Amino acid sequence: MGRILWGIIVVLIVLWLLGLVFQIGGGLIHTLLIIAGIIFVVQLISGKRSM
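To start, this report covers the structure provided alongside it. (Residues numbered from 1 in each chain as written. Predicted model: local features only at pLDDT ≥ 70, side-chain atom pairs only at ≥ 80, totals over all residues. Heavy atoms only, no water.)

**A look at the overall build of the chain**
Right, so step 1: Of the regular secondary structure elements, the chain holds 2 helices and 0 strands.
Right, so step 2: Evaluated residue by residue, the chain yields a buried proportion of 18% over its 51 residues.
Right, so step 3: Carbon and sulfur atoms provide 78% of the accessible area of the chain, an area that totals close to 4,000 Å². (Helix = DSSP H or I, 4+ residues; strand = E, 2+ residues; numbered from the N terminus. Buried < 20%, exposed > 50% of the residue type's maximum accessible area, 1.4 Å probe, protein only. Areas by Shrake-Rupley, 256 points an atom, 1.4 Å probe, with all protein chains shown as cover.)

In structure tokens:
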């Protein structure tokens, strides 16, 4: 599960950067990035992250 989460985070960051550069995607990319960040923090705090 941890590898999937990291993959999602990387993809969202790349899409977010593309959205900033090319002014596309609007709020959807930012919303998904925030959701991925919240999930990451929750897993980090709960200690369920395995690497």
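**Observations concerning a nonpolar patch on the surface**
Right, so step 1: On the surface, V10, V11, I13, V14, L15, L17, L18, L20, V21 and F22 cluster together to form a nonpolar patch covering roughly 880 Å² of accessible area.
Right, so step 2: Here L17 lies in helix α1 (residues 2–22).
Right, so step 3: The exposure class assigned to L17 is partly exposed, which follows from its relative accessible area of 45%. (Patch = residues over 30% accessible without salt bridge, like charges linked within 9 Å, V, L, I, M, F, W, Y side chains within 5 Å. Salt bridge = Lys/Arg side-chain N within 4 Å of Asp/Glu carboxyl O.)

**Quick notes on the environment of I9**
Right, so step 1: Counting through the fold element by element, I9 comes out in helix α1.
Right, so step 2: According to the relative accessible area criterion, I9 is buried, its value standing at 12%.
Right, so step 3: Through-space distance from the C-alpha of I9 to that of I34 is 9.8 Å; in sequence the pair is 25 residues apart.
Right, so step 4: Ignoring sequence-local partners within four residues, the contact set of I9 consists of A36 and F40. (Contact = heavy atoms within 4.5 Å.)

**With respect to the environment of G37**
Right, so step 1: Considering the arrangement of structural elements, one finds G37 in helix α2 (residues 26–46).
Right, so step 2: Between the C-alpha atoms of G37 and I9, which are 28 residues apart in sequence, the distance is 7.6 Å.

**Things to note about α1**
Right, so step 1: Helix length check: α1, at 21 residues, gives a terminal C-alpha distance of 30 Å against a target of 30 Å (1.5 Å per residue), a fit within 8%.
Right, so step 2: Count one or two residues on from α1 and you reach Q23, which has phi positive near 55°. (Expected span 1.5 Å × (residues − 1).)

**Comments concerning the nonpolar core**
The nonpolar side chains of a soluble globular protein tend to be buried with one another.
Right, so step 1: L5, I9, L12, L33 and A36 form the largest nonpolar core, which has 5 residues in total.
Right, so step 2: For this core, the element with the highest residue contribution is α1, accounting for 3 residues.
Right, so step 3: Discounting chain neighbours no more than four positions away, the residues touching L5 are I39, F40 and Q43. (Core = buried A, V, L, I, M, F, W, Y, C linked by side-chain atoms within 4.5 Å.)

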